[in-house]
2 protein chains.
Amino acid sequence: MPVDIVLLQPESPGNIGSVARVMKNLSFGNLVLVNPCPVTNETKGFAMHARDLVEKAKIKKEMDWDSYDLVVGTTGIKVGKNPLRSYITPEDLRKRMGKGKVAIVFGRESRGLSKRELERCGCICHIPTSGDYPVMNLSHSVAIVLYELGKSKPEKDLAEQQQISNLENLFKGVIERLNYSQDKKKIIYTYLRNVIERSILSKKEASILTGLFKKIRGRV
Amino acid sequence: MPVDIVLLQPESPGNIGSVARVMKNLSFGNLVLVNPCPVTNETKGFAMHARDLVEKAKIKKEMDWDSYDLVVGTTGIKVGKNPLRSYITPEDLRKRMGKGKVAIVFGRESRGLSKRELERCGCICHIPTSGDYPVMNLSHSVAIVLYELGKSKPEKDLAEQQQISNLENLFKGVIERLNYSQDKKKIIYTYLRNVIERSILSKKEASILTGLFKKIRGRV
């Protein structure tokens, strides 16, 4: 599947290998390592027969946020106090996958993705886990997400991230013109953004909604 | 969930710990070790905050085949030459789980469950994997099977159908007031409706969007 599996600052050489193994088990071939710990013999040991994936992994200094149509962030812990973003399950993600260029980003073993990094993601995927012990091993998270995605092929022609950003800016512009308090405007915008992100728009849908909201903006 | 996770002759102390961790992550508590390798500090290391599961694991010399209502065997490789047994996916397994006492048995890292052991199982579960490299790490297999079994009903406070219908009528009202051709109005309405239905709104989201579109309708 043409999806980049991105490990952002992985801290354990062994985990990189485990991730490569399960990627190959589940037919995913593109591993991207952003500012990783050293790739060692331990990495190759855990990779077993997936050393080729480790060897051809792209190593980058920084995450290329803008080179994807959709960047999916992952998080082990729902930030309950942050009602601003909504979380989708791996199953939701599968149902909404389309044809564009997609990255699924897994954060550091110790502290996952930062708030700021999650903010840059088009949607956030969370595996439903036990309240007692929600933090999964990195390669287990990858295993579950890829297993779920592997269940079906994407069909939809995904909207590009730029289209979604433009649409979200339009929402902002429309809401700005309505007589709500500043706080309320922010909340409404966030709810609307969540709904749109959760539905993972196709190109066509994004274009139709953009046209509609341009017209609305001209009128309100 | 009252299911025994049975590792039959596990060979790597670390894997036992990894399995315990992912069991606790996914809210499974009963670990059974049949004729295992020694449980070591490495086991506890990999178990992280699931050491309690390792400590209370039942250790047995032999598998108690007859003390369960259903014993589910697992295998990484479909034995093509043995057409007598059929294989079910983890998803099939979930759909078929009932209320009885169930064991899910995972075999040795090196060679899985024997033909004879699989023969004694009530059904055999196989995770769909790549033909290139089908053999998964033990704890990854456990992660995927338990993730699938743990899937339950959505907890979200879903919007009622009436709320959705009202919201969709509002969309219609707004679009009606914009200068599109009748055909185009119908198309736009349908797209918007698709997006909304796909995102499965909560009560709160439906209410926020209803408020927003009422305001917009008043203005356009």
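Computed from a predicted structure; not experimentally measured.

**Student:** I would appreciate a short explanation of helix α6 (residues 138-150) of chain B in the present structure.
**Tutor:** All names here are of chain B. Under the 1.5 Å per step criterion, the end-to-end length of α6 is 18 Å for 13 residues, consistent within 8% with the ideal 18 Å. Where burial is concerned, most of α6 is hidden: 12 out of the 13 residues are buried. Those residues of α6 that sit buried are Leu138, Ser139, His140, Ser141, Val142, Ala143, Ile144, Val145, Leu146, Tyr147, Glu148 and Leu149.

**Student:** I'm lost on the state of the cysteines in this one. Help?
**Tutor:** Covalent bonding between the sulfur atoms of two cysteines is what defines a disulfide. The final tally for this structure, using the stated rule, is zero disulfides over all chains. Cys123 of chain A supplies the cysteine sulfur nearest to Cys121 of chain A, a cysteine that is in no disulfide, at a spacing of 7.9 Å. Owing to a relative accessible area of 2%, Cys121 of chain A belongs among the buried residues under this scheme. No disulfide involves Cys123 of chain B; its sulfur sits 7.2 Å from the nearest other cysteine sulfur, which is in Cys125 of chain B.

**Student:** When you look at the domain arrangement of chain A in this model, what are you seeing that I'm missing?
**Tutor:** Size of an interface: often given as the accessible area lost when the parts come together. Residues and elements named next belong to chain A. Taken as a whole, chain A is organised into domain 1 (3-149) and domain 2 (161-219). Once you take the C-alpha centre of each, domain 1 and domain 2 turn out to be 28 Å apart. On the side of domain 2, eight residues touch domain 1, which itself brings 13 residues to the contact. Taken together, domain 1 and domain 2 are joined by one salt bridge. Of the charged contacts, one joins Glu119 and Arg193 as a salt bridge, the two residues approaching to 3.1 Å between their closest N and O atoms. On the surface where domain 1 and domain 2 come into contact, there are two residue pairs in polar contact (both at pLDDT 80 or more).

**Student:** Just checking my understanding: could you explain the interface of chain A and chain B for this structure?
**Tutor:** Contact residues are listed per partner, giving 60 residues for chain A and 59 residues for chain B. Considering only the side of chain A, the residues that lose the most area to chain B are Tyr133, Tyr147 and Arg219 of chain A, jointly responsible for 15% of the buried surface there. Viewed at the interface, chain B and chain A are joined by four salt bridges. The residue Glu148 of chain A makes a salt bridge to Lys151 of chain B at a minimum N-O spacing of 2.8 Å. Across the contact surface, chain A and chain B share 24 residue pairs in polar contact (both at pLDDT 80 or more). Taken together, the elements giving at least two residues each to the side of chain A that touches chain B come down to α1 (13-25), α2 (41-47), α4 (90-96), α6 (138-149), α7 (161-176), α8 (182-198) and α9 (203-219) of chain A. A class-by-class count of the residues in the side of chain A that touches chain B yields 34 nonpolar, 13 polar and 13 charged.

**Student:** Is there a simple way to explain α8 of chain A in this structure?
**Tutor:** An α-helix turns once per 3.6 residues; consequently, residues spaced three or four apart project the same way. In this model α8 of chain A runs 24 Å from its N-terminal to its C-terminal C-alpha over 17 residues, within 8% of the 24 Å that 1.5 Å per residue would give. Counting buried positions along α8 of chain A yields 12 of 17 residues, so the element is predominantly enclosed.

**Student:** Where do I start with the pairing of strand β2 (residues 30-34) of chain B in this structure?
**Tutor:** Walk down a regular strand and you will see the side chains alternate between the two sheet faces. Residue and element names in this part refer to chain B. Counting buried positions along β2 yields four of five residues, so the element is predominantly enclosed. Strand direction decides the pairing type here: strand β1 (residues 3-8) and β2, joined by five bridges, are parallel. Paired with Val6 across the two strands is Val32, which belongs to β2. One ladder, built from three bridges, connects β2 with strand β3 (residues 58-60); its direction is parallel. Bridge pairing links Val34 to Lys60 in β3.

**Student:** Can you walk me through unusual backbone geometry in this structure?
**Tutor:** Peptide bonds are mostly trans, and most non-glycine residues show a negative phi. A positive phi is found at Asn35 of chain A, a non-glycine position, where the angle reads about 45°. For Ser27 of chain B, which is not a glycine, the phi torsion comes out positive at approximately 65°. By the element assignment, Ser27 of chain B lies in the loop between α1 (13-25) and β2. Relative accessible area serves as the criterion here: at 42%, Ser27 of chain B is assigned to the partly exposed category.

**Student:** Looking at this structure, how should I read the packing of aromatic side chains?
**Tutor:** Aromatic rings in a pair are described by how distant their centres are and how their planes are angled relative to each other. Scanning all chains against the criterion turns up four aromatic pairs over all chains. When the centroid spacing of 6.4 Å and the interplanar angle of 85° are considered together, the rings of Tyr147 of chain A and Tyr147 of chain B count as edge-to-face. One end of the pair, Tyr147 of chain A, is in helix α6; the other, Tyr147 of chain B, is in helix α6, on a second chain. Here the two residues Tyr147 of chain A and Tyr147 of chain B agree in accessibility, since each one is buried. For the ring pair Phe171 of chain A and Phe213 of chain A, a centre distance of 4.7 Å and an interplane angle of 75° mean the geometry is edge-to-face. With Phe171 of chain A in helix α7 and Phe213 of chain A in helix α9, the pair connects residues that are 42 residues apart, well separated along the chain. An identical accessibility class is assigned to Phe171 of chain A and Phe213 of chain A; each is buried. Every member of this aromatic cluster is reached through a ring pair, and the members are Phe171 and Phe213 of chain A together with Phe171 and Phe213 of chain B. Directly above the aromatic system of Tyr68 of chain B lies the positively charged group of Lys101 of chain B, at a separation of 5.1 Å from the ring centroid.

**Student:** What's the story with the side chain of Glu168 of chain B in this structure? I'm lost.
**Tutor:** All names here are of chain B. Along the chain, Glu168 falls in helix α7 (residues 161-176). Taking relative accessible area as the criterion, Glu168 reaches 5% and is therefore assigned buried. If we ignore the near neighbours within four places in the chain, the residues touching Glu168 are Tyr189, Arg193 and Glu197.

Reading the values: rules and limits
Residues numbered from 1 in each chain as written. Chains lettered and ligands numbered in written order. Predicted model: local features only at pLDDT ≥ 70, side-chain atom pairs only at ≥ 80, totals over all residues. Heavy atoms only, no water. Helix = DSSP H or I, 4+ residues; strand = E, 2+ residues; numbered from the N terminus. Expected span 1.5 Å × (residues − 1). Buried < 20%, exposed > 50% of the residue type's maximum accessible area, 1.4 Å probe, protein only. Disulfide = S-S within 2.5 Å. Domains from an automatic or database assignment. Contact = heavy atoms within 4.5 Å. Salt bridge = Lys/Arg side-chain N within 4 Å of Asp/Glu carboxyl O. Polar contact = N/O pair within 3.5 Å; in protein donor to acceptor, adjacent residues only side chain to side chain. Buried area = accessible area lost by both parts, 1.4 Å probe. Nonpolar A, V, L, I, M, F, W, Y, C, P; charged D, E, K, R; others polar. Pairing = 2+ DSSP bridges. Phe/Tyr/Trp six-rings, centres within 6.5 Å; stacked < 30°, edge-to-face > 60°. Lys NZ or Arg CZ within 6 Å of the ring centre and 35° of its normal.

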